[in-house]
Each structure stands twice: as structure tokens, then as C-alpha cells.
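These are the residues of each chain, in order.
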Amino acid sequence: MIFDDEEKCYRLGHEVLRHYRERFGAECSLRLLQLSENVTYLVENRRKPLAVLRLCRPGYHTWEELQAEMQWMEELGERVCGVKLRQPIRTDEGHYLCGAEDGTGQVCFGTAFTYLSGIPLEELPCEQQLPWFEKLGEATAFLHCRSRERALAQRTAGLRDLPRSRWNYESMIGTKALWGDWRKVIQHNLPDTALYAEKEIMIHKNIFDKADGLICNKLKEYGMTENTYGLIHGDLRGANLLVDKDTLGIIDFDDCGYGWYMQDLAASLSFQEAEEEVPQLIKAWCRGYRKLGTLRQADMDMIDTFILMRRLQLLAWIHSRRRAASARRYRENFLCDTVRLADQYIQIRG
């Protein structure tokens, strides 16, 4: 796997950077920012940040899917509702993407994005995130409005959807989910499972199975209509939200695809679903969302379902992306807290 070799990634990053020399200057350099779903580097020239370069995880998206991501970002523009959006930067040859060969015949796609300053929202205590969640809710409503407008224009013109992932039960928490199967994680490989006796593991598995069945049924009842399902960001978690003074920035559209609009709220609560401030964060997000969008009672009734579905998705992600910074940061107690959340969900929805 390319991403297991930092030196190889660094060489591939420079191979991609070669296509931006005219734009960034011959003396620009790379500094590792994060290893997560992808590898990202800060492009600098004499310590001045110029852009962010991304090496895309091999096999996660096709060339066409990545092109569609860049297209959607450009359509949205640099700013919505006072919130900054990271933009793709074309190569010196005028392309969104370029390929870098790793020496074994495997090609890694790479691209560059505009640099946004700020600290990740997840680094702020939950109580300090409240005003930002209201702003995020408003920006999310705008993104959803643009998504619906685009879908209407496509239908009118007889065009196909952008080639992006379809986020649904199967792709998120099914047995062949894109981020892995949470069912396998319960019994294997997570450090905290070693603390449990086999009987306790079975109890937890039963809780998750019951919660999973409830989630599946609730999703079927909710449905996939033009009001509930469309092109979403898909990963508006705190690591992808940058706070800079009084400005919020949104980055990383790598998981943008077709999903339920309320998934974007659940994603915003990633890794902090068990925090006591969550109800207040939800209220703030909804308050902001209603400035530009509509939330029906049916949407509100699905919030806890989408939160738990996202949590199960993250349970698998923490295992499959164990080297990622967020996986290392949140792994401790993650399974225990997820069991508690699932049990609470069953008590309310079962």
C-alpha cells in the first residue's frame, strides 16, 4: 500500500508538484499536514503557505469521480453565506488532476487546492463550537439548496448525475460498506475489545444488531425523495472545518456524493456524538439551517438515526484507517461509547 510508505508518498507528492511549478515557483516545497483518507501536504515557498496538495488514496475514487468533485467545488465558488470554501487549483497544463506513478505500475492521482488558514473546529471545546454550528447550519442549507437547483437543472436538460459515491445503508454500514464492516471490528483488532470477556462482546453485538435493524427500517420509512436525498458534502466533521477569527472555512469535498441531506448534520458531530453538548449543537445547527432551508418534523425525527449510523460507519473507519490522525485521537473508549449510544437509541426507537 502506497500510503504505508511516507518516503514514497513524499516522492509522489513532488511528482505532482512538478505540474504546478509555474504557478507556485520553482523553489516551492512540501510539508506533511495529515495522513487520513488521503495524504495532504502544505505547499510552501520560503515558509509562506501557498496551497494544499492532496495525494488521493488509490482505488477510493476513479479519475472521473475526482473530476466531478473538482467540478462541483468550482460550481459552488469560493464563499457561501460568509463561509469560505476551498477551491481546486488547475495544473500548469490547465488540468484538475495529474497522475504520479509509484515505480510498480500503480498510479496515484494528485491535485492542489487553495490554502485556507485557521484551526480545526474539533480542537475547540464543545461549548465553544455552538456559534460556529449555527453558521455551519446556514452554510449547509445553502449547499443543499444549490444541490437541489443542480438536480432540477439536470433533469430539465436530461443530464446524468455527477459520477460520485452513493451514500446509503449498504455503502455506509452494510456488510460491504466503503469504510469497512463494523461487525468485524467488534470481535477483532480494536485495542479495547481485549478488555471484554466473550460474553460481554456478544451482549454488545446484540445491541448493535438491534440498532442496525432499527436504522435500516427507519431509513426505508424516511425514503429517498428529492427533498431528503441529493448531492451532499458528506464529511463536514470538525477536522474539515477551519476557524479563523470570525470566519469559518470548509475543506475536503473528497466524500461529497449522493446521500440524505440530514447526513451532513450527523457528520458534523463525528467523534463527539457522546458529548453532553450535542443537543445544544444540534439546536444551533438547526437554527442556522432554517435561515435558508426548511426542516420538516420528519427530518428532525431522523436526526438520532443518522447520528448512530454515522457512528457505526466511523467505528469501521477507525479500524480500516488506523494510521489516520483522527483514528489515533479518538480510538480510546470509542467502542464503549458507541455501545452506550446504540443502547440509548434502542430504548427510544425500539
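Reference entry: report on the structure contained in this document. (Residues numbered from 1 in each chain as written. Predicted model: local features only at pLDDT ≥ 70, side-chain atom pairs only at ≥ 80, totals over all residues. Heavy atoms only, no water.)

1. Structural notes on the sheet that holds strand 11 (residues 229-232)
By definition, the strands of a sheet pair up through backbone hydrogen bonds, in either a parallel or an antiparallel sense.
Logical step 1: Read across the sheet, three strands follow the order 10-14-11 without closing on themselves; strand pairing throughout is mixed. Edge positions in the sheet fall to strand 10 (165-166) and strand 11, since each of these pairs with one other strand and no more.
Logical step 2: As defined by bridge partners, strand 10 adjoins strand 14 (residues 257-260) across two bridges and the pair is classed as parallel. Each bridged residue has a counterpart across the sheet, and for Arg166 the counterpart in strand 14 is Tyr258. (Pairing = 2+ DSSP bridges. Helix = DSSP H or I, 4+ residues; strand = E, 2+ residues; numbered from the N terminus.)

2. Observations concerning the environment of Leu231
Logical step 1: Topologically, Leu231 is positioned in strand 11.
Logical step 2: The exposure class assigned to Leu231 is buried, which follows from its relative accessible area of 4%.
Logical step 3: For the pair Leu231 and Ala141, spaced 90 residues apart in sequence, the C-alpha to C-alpha distance is 12 Å.
Logical step 4: Aside from chain neighbours lying at most four places away, what touches Leu231 is Trp72, Ser147, Leu162, Gly257, Tyr258 and Tyr261. (Buried < 20%, exposed > 50% of the residue type's maximum accessible area, 1.4 Å probe, protein only. Contact = heavy atoms within 4.5 Å.)

3. Examining helix 13 (residues 334-349)
Logical step 1: End to end, helix 13 covers 22 Å across 16 residues, agreeing with the expected 22 Å (1.5 Å per residue, within 8%).
Logical step 2: Those residues of helix 13 lying buried are Phe334, Leu335, Thr338, Val339, Leu341, Ala342, Tyr345 and Ile346. Here the buried residues of helix 13 occupy an arc of 170° about the axis, which is enough to place them on one side. In helix 13, the exposed positions that point more than 90 degrees away from the buried face belong to Gln347 and Ile348. (Expected span 1.5 Å × (residues − 1). Arc of directions from axis to C-beta.)

4. Some details on the packing of aromatic side chains
Logical step 1: For the structure shown, the criterion picks out 13 aromatic pairs.
Logical step 2: Ring geometry for Tyr10 versus Tyr41: centroids 6.2 Å apart, planes at 65°, classification edge-to-face. Of the two residues, Tyr10 is situated in helix 1 (residues 6-17) and Tyr41 in strand 2 (residues 39-45); the sequence distance between them amounts to 31 residues.
Logical step 3: The class of Tyr41 is buried, set by a relative accessible area of 3%.
Logical step 4: Their ring planes at 70° and their centres at 5.9 Å tell us that Trp167 and Trp179 sit as a pair that is edge-to-face. With Trp167 in the loop between strand 10 and helix 5 (169-173) and Trp179 in the loop between helix 5 and helix 6 (182-187), this pair connects stretches of sequence that are 12 residues apart. The same class applies to Trp167 as to Trp179, namely buried. (Phe/Tyr/Trp six-rings, centres within 6.5 Å; stacked < 30°, edge-to-face > 60°.)

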